[in-house]
Amino acid sequence: MQSDRMDREAKLSPIRLTAVQYGILVMMLVLAGGLWRLQVLGADSYRLLAEQNRIRKVPVLAPRGKLFDRDGNILVDNYPSVSCFLIRDQGRNIEADLPMIAHGLNVDVEQLRAALRHYKYAPGYQPIPIKQDITADEQAFIEAHRFELPELLTIDEERRLYPRDGFASALIGYVGEISEEDLNNPRYAAYEPGDVVGKAGIEETYDELLRGEDGSRDVIVDSHGREVGYLRTQHAKPGQDLKLTIDNDLQKAAELALGDRNGAIVAMDPRNGEILALVSRPSFDPNAFSVRINRADWNKLITDPDHPLMNKAIQAQLAPGSTFKILMSVAGLQEGVAQNMHVYCSGGADFYGHYYHCDEHHGAVDIHNAIPMSCDTFYYTLADKLGIDRIAKYAQAFGYGQKTGIDLPGEQPGVMPSQQWAAKYYHRKWYAGETISVGIGQGAVEATPLQLARIIGGIASGGHMVRPHTVFANEMTPDFHKALEQNYPGVGETNVPIDQDNWMTITDGMAEVTQPGLYHTAGSAHLDGIDFAGKTGTAQVVGHDTLSKMAKTHATNPNVWFVGVTPCRNPELVVAVLWQNGGFSYYPARIGAQVVEAYVEKKRRQEGNLPAAKTTAAVDVGAVWTVPGTKGKSEHVEAGHFFVGGGQIFAAKAPAKPEKPAQPVSPKLPIPVSAQLGIAIPWLGSEEKLVQP
């Protein structure tokens, strides 16, 4: 035994022993270095990680600023809501929990997987929104499964509450989750995936002011991710409330006046550009976007041929029809061409080998009756005398073919053709025959309702043109206001001088449009006691020759316009109405008249200047009736001659005096309700009361 042990010791050479010793030393050094790295060099990093395992930062979402009308009435509010988010830093296999989460929250599993893929590259600590505006039952499910599903997080937030039935939806816009395309836009550099932003209208333009600043709450969690306490809270900064130039009462009147018709209405103060009402039809419900619109509803909106998501007040580029004749009148008078021009209208005229129709046989026409009659033949001739270049010069000066600069996204510039326009866009020359159609606002001319409101209102104001806007300037800082004008460029505020006599001629003609008269195109829209002027317009969507060869349908009806002002000179209100495929221009004139009347009546109420109640004009009425006999006397017939109406009934000729005092009279004849209810009647020297039959 001893010899064996001595043999093994003899076999362990000094070299091998030294190698083993150095190996052990190296291992000890490596372990020591690792401990140094963990405990000294990486102390701050691992301390932060440990703190994150103990503390969770929960976002506190800022409430969005509210929107008010010019009188302080609330238009857009917020309501309390709870949303569910998914946290990925729990060290769990979230994929395995998705079926249970989907069942409890009543969502599709694939929707949850799509959300995870969408936020794949987002920071792990960032909560992923998986369902917004959850119900009380869904909140109870989350609370009951805190241990099994610690990755679920609920966050209180305030969600947008818009008016019902799409009221002012084109003006206000809507909010939605920021898109990947938006995140690539420098304007949204400070935004993160999942943020809610304005998507259209005022919500988009003023998003920076409305959104506020989110805060956060540091929550202490246990090893299972459950909240056990709070450390500190950084409160959110609410978004700024905004006061709009919109008049809620006038907006209601405009919405009701347009109804379900396909078109738009713009009501503006031409003195300062304040938009008082803006309607676009058909509309949409912005509340559907406040949570998250489903794919089926979204597809329905974007495939609708009537384009409900289009703000037609600023985006519908259509031929302005005869409303363009106001601009033609300015050009013709300023150039000294229209003053002495006399045309005989026999229903149309020949120009360059083509016959151009007029809607009526107006007979002798000059500049004074051309506007109220809207004689195409007169303006065909005027356009031929002026030429396209002179027409384009005035049209462009007043803003045709250019954006107005309104503070709403997506405004379109319209089109104003010229020789340069034809060469630039179509690489051809301009033909003289094309000018004839331009003279009545057709051909290549296109305008939006807002443009027409600004232009016609500006002409009625003596050539003073304004920049339209929907929010008062004092609601924003000077820097924001300056950036706004740069981001929404347009012609803005300009002045185009109009000779005084020419201006009087044009505004007189516009005033005649709404007066009853032969061929006056808006005589049925006349408003008693209101200084109301305007111009109608009819723009064919199918040419006369083509239309004569095809069946007429609603789609072949012309687009009809009306632009009205009150008063007729230096107006304080201009209203532009578009009714697509409306057929006849006196229809939009009546719609515009309703808006004007609502505006004037509200102003009179505020000033305590309401007119006296309307009375019915007296009508000359003859009557014969039977008086029953009394105390054995036989019945007898009596007759009378009356003036009925005006709130009273007067006997012009009394019947023969009966033997006894006359009984209250109940003639069997139609009389005003006010009279039936008991109006004083002078009768044979004594005052009697009329008794209902």
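Residues numbered from 1 in each chain as written. Predicted model: local features only at pLDDT ≥ 70, side-chain atom pairs only at ≥ 80, totals over all residues. Heavy atoms only, no water.

## Considerations on the overall build of the chain
A tally of regular secondary structure across the chain gives 26 helices and 26 strands. Within the chain, buried positions represent 47% of all 693 residues. The contacts of the chain with a sequence gap of at least 6 include a subset with a gap of at least 24, amounting to 69%. Just so you have it, the chain exposes about 35,400 Å², and 53% of that area is on carbon and sulfur atoms. (Helix = DSSP H or I, 4+ residues; strand = E, 2+ residues; numbered from the N terminus. Buried < 20%, exposed > 50% of the residue type's maximum accessible area, 1.4 Å probe, protein only. Contact = heavy atoms within 4.5 Å. Areas by Shrake-Rupley, 256 points an atom, 1.4 Å probe, with all protein chains shown as cover.)

## Section: the packing of aromatic side chains
Summed over the entire model, instances satisfying the criterion amount to 18 aromatic pairs. Ring geometry for F351 and Y380: centres 6.2 Å apart, planes at 70°, overall edge-to-face. Placement of F351 in strand β14 (residues 348–351) and of Y380 in helix α17 (residues 376–386) is noted, with a sequence separation of 29 residues between them. As far as burial versus exposure is concerned, F351 and Y380 are alike and both buried. Of the aromatic side chains, those joined through ring pairs into one cluster are Y174, F284, F289 and W298. If you follow R261 out to its NZ or CZ, it ends over the ring of W579, 5.0 Å from the centre. (Phe/Tyr/Trp six-rings, centres within 6.5 Å; stacked < 30°, edge-to-face > 60°. Lys NZ or Arg CZ within 6 Å of the ring centre and 35° of its normal.)

## So, the packing of helix α11 (residues 248–258) against helix α25 (residues 586–607)
Each pair of packed helices can be summarised by the angle the axes make with each other and by the distance between the axes. At their nearest, the axes of α11 and α25 sit 9 Å apart, and the two run at 155° to each other. One element, α11, and the other, α25, form an angle in the roughly antiparallel class. In this structure, α11 crosses over α25, and the sense of that crossing is right-handed. Two secondary-structure elements touch here, α11 through D249, L250, A253, A254, A257 and L258 and α25 through I591, Q594, V595, A598, Y599 and K602. Each residue belonging to the contact of α11 with α25 can be placed in one class, and the counts come to 9 nonpolar, 1 polar and 2 charged. (Axes fitted to C-alpha atoms, helices over the stretch in contact; angles between N-to-C directions. Parallel < 35°, antiparallel > 145°, perpendicular 65-115°, else oblique. Left-handed = near helix turned anticlockwise from the far one by under 90°. Nonpolar A, V, L, I, M, F, W, Y, C, P; charged D, E, K, R; others polar.)

## Things to note about the state of the cysteines
Within this structure, the stated rule accounts for 0 disulfides. Cysteine C375 remains unbridged, with the sulfur of C345 as its closest cysteine sulfur at 3.7 Å. Classification of C375 by relative accessible area gives buried; the value is 0%. (Disulfide = S-S within 2.5 Å.)

## Let's talk about the side chain of E411
Along the chain, the position of E411 falls in the loop between α18 (388–398) and α19 (419–426). A distance of 3.2 Å separates a polar atom in the side chain of E411 from the backbone nitrogen of G405. If we ignore the near neighbours within four places in the chain, the residues touching E411 are I314, K403, T404, G405, I406 and L450. (Polar contact = N/O pair within 3.5 Å; in protein donor to acceptor, adjacent residues only side chain to side chain.)

## Some thoughts on the nonpolar core
Core analysis: the biggest nonpolar cluster contains 133 residues, and Y206, F324 and F378 have the highest contact counts within it. In terms of domain composition, this core takes at least three residues from each of domain 2 (55–243) and domain 3 (248–611). By size, the runner-up hydrophobic cluster in this structure holds 21 residues, among which are L98, L112, A115 and L116. (Core = buried A, V, L, I, M, F, W, Y, C linked by side-chain atoms within 4.5 Å. Domains from an automatic or database assignment.)

## Section: the pairing of strand β15 (residues 354–357)
Bridge analysis of β14 against β15 gives 4 bridges, and the strand direction is antiparallel. Pairing of F351 across the sheet is with H354, part of β15. (Pairing = 2+ DSSP bridges.)

## What to know about the side chain of E157
Mapped onto the secondary structure, E157 falls in strand β5 (residues 152–161). E157 gets classed as buried once you look at its relative accessible area, which sits at 12%. Sequence-distant contacts of E157, defined by excluding residues within four places in its chain, comprise L61, Y79, P80, S81 and S83.

## Description of the sheet that holds strand β20 (residues 559–566)
Reading across from one edge, β12-β11-β21-β20-β19 is the order of the 5 strands in this open sheet, with antiparallel pairing throughout. Across the chains shown, the open sheet's two edge strands, defined by having one partner strand only, are β12 (274–281) and β19 (533–539). The mean angle between the axes of side-by-side strands here comes to 5°, regardless of whether they run parallel or antiparallel. With 6 bridges joining them, strand β11 (residues 263–269) and strand β21 (residues 573–579) adopt antiparallel strand pairing. The partner of I265 across the bridge, within β21, is V577. Against the sheet, α11 touches β11, β12 and β21, its axis set at about 30° to β12. Contacts from helix α23 (residues 500–513) reach β19 and β20 within the one sheet, and its direction differs from that of β19 by about 75°.

## Examining the confidence of the model for the chain
Mean pLDDT over the chain works out to 83, with 80% of the residues at or above the 70 mark. Ignoring residues within four places in sequence, the model shows residues 646–693, a span with pLDDT below 50, making 80 contacts including any to other chains. (pLDDT = per-residue confidence, 0-100.)

## A short note on the pattern of salt bridges
Pairing between side chains becomes possible if they bear opposite charge and their charged atoms approach one another. This structure, assessed with the given rule, holds 23 salt bridges. The salt bridge involving K602 is made with D71; its shortest N-O contact spans 2.9 Å. Taken together, the residues K602 in helix α25 and D71 in the loop between β2 (67–68) and β3 (74–86) connect sequence positions 531 residues apart. The class for D71 is partly exposed, based on a relative accessible area of 43%. A salt bridge links R146 to E143, with the nearest nitrogen and oxygen atoms 3.0 Å apart. Ionic contacts of the salt-bridge type, sharing partners, join the residues R64, R160, E203 and D207 into one network. (Salt bridge = Lys/Arg side-chain N within 4 Å of Asp/Glu carboxyl O.)

## Structural notes on the packing of helix α21 (residues 449–460) against α23
The contact between α21 and α23 brings their axes to 9 Å, and the two run at 120°. Compared by their axis directions, α21 and α23 come out oblique. Contacts between α21 and α23 pair I456, I459 and A460 from the former with W503, I506, T507 and M510 from the latter. A class-by-class count of the residues in the contact of α21 with α23 yields 6 nonpolar, 1 polar and no charged.

## Focus: the environment of P558
Turning to its location among the elements, P558 is positioned in the loop between α24 (544–547) and β20. For the pair P558 and N581, spaced 23 residues apart in sequence, the C-alpha to C-alpha distance is 4.9 Å. Apart from the residues lying within four places of it in its own chain, the contact partners of P558 are T538, A539, Q540, V541, W579, N581, G582 and G583.

## Observations regarding unusual backbone geometry
Cis peptide bonds are those with omega within 30 degrees of zero, and the linkage from R281 to P282 qualifies with 0°. Its place among the elements puts P282 in the loop between β12 and α12 (287–290). That bond from T566 to P567 is cis: its omega, -10°, falls within 30 degrees of zero. Here P567 shows up in the loop between β20 and β21. For N106, which is not glycine, the phi torsion reads 60° and is therefore positive. Mapped onto the fold, N106 is located in the loop between α4 (94–105) and α5 (109–118).

## As for the environment of K325
Looking at the element boundaries, K325 is found in helix α15 (residues 325–334). By relative accessible area, K325 is classed as buried at 0%. With residues up to four places along the chain from it excluded, the contact list for K325 reads S374, C375, D376, Y379, G439, I440 and K535.

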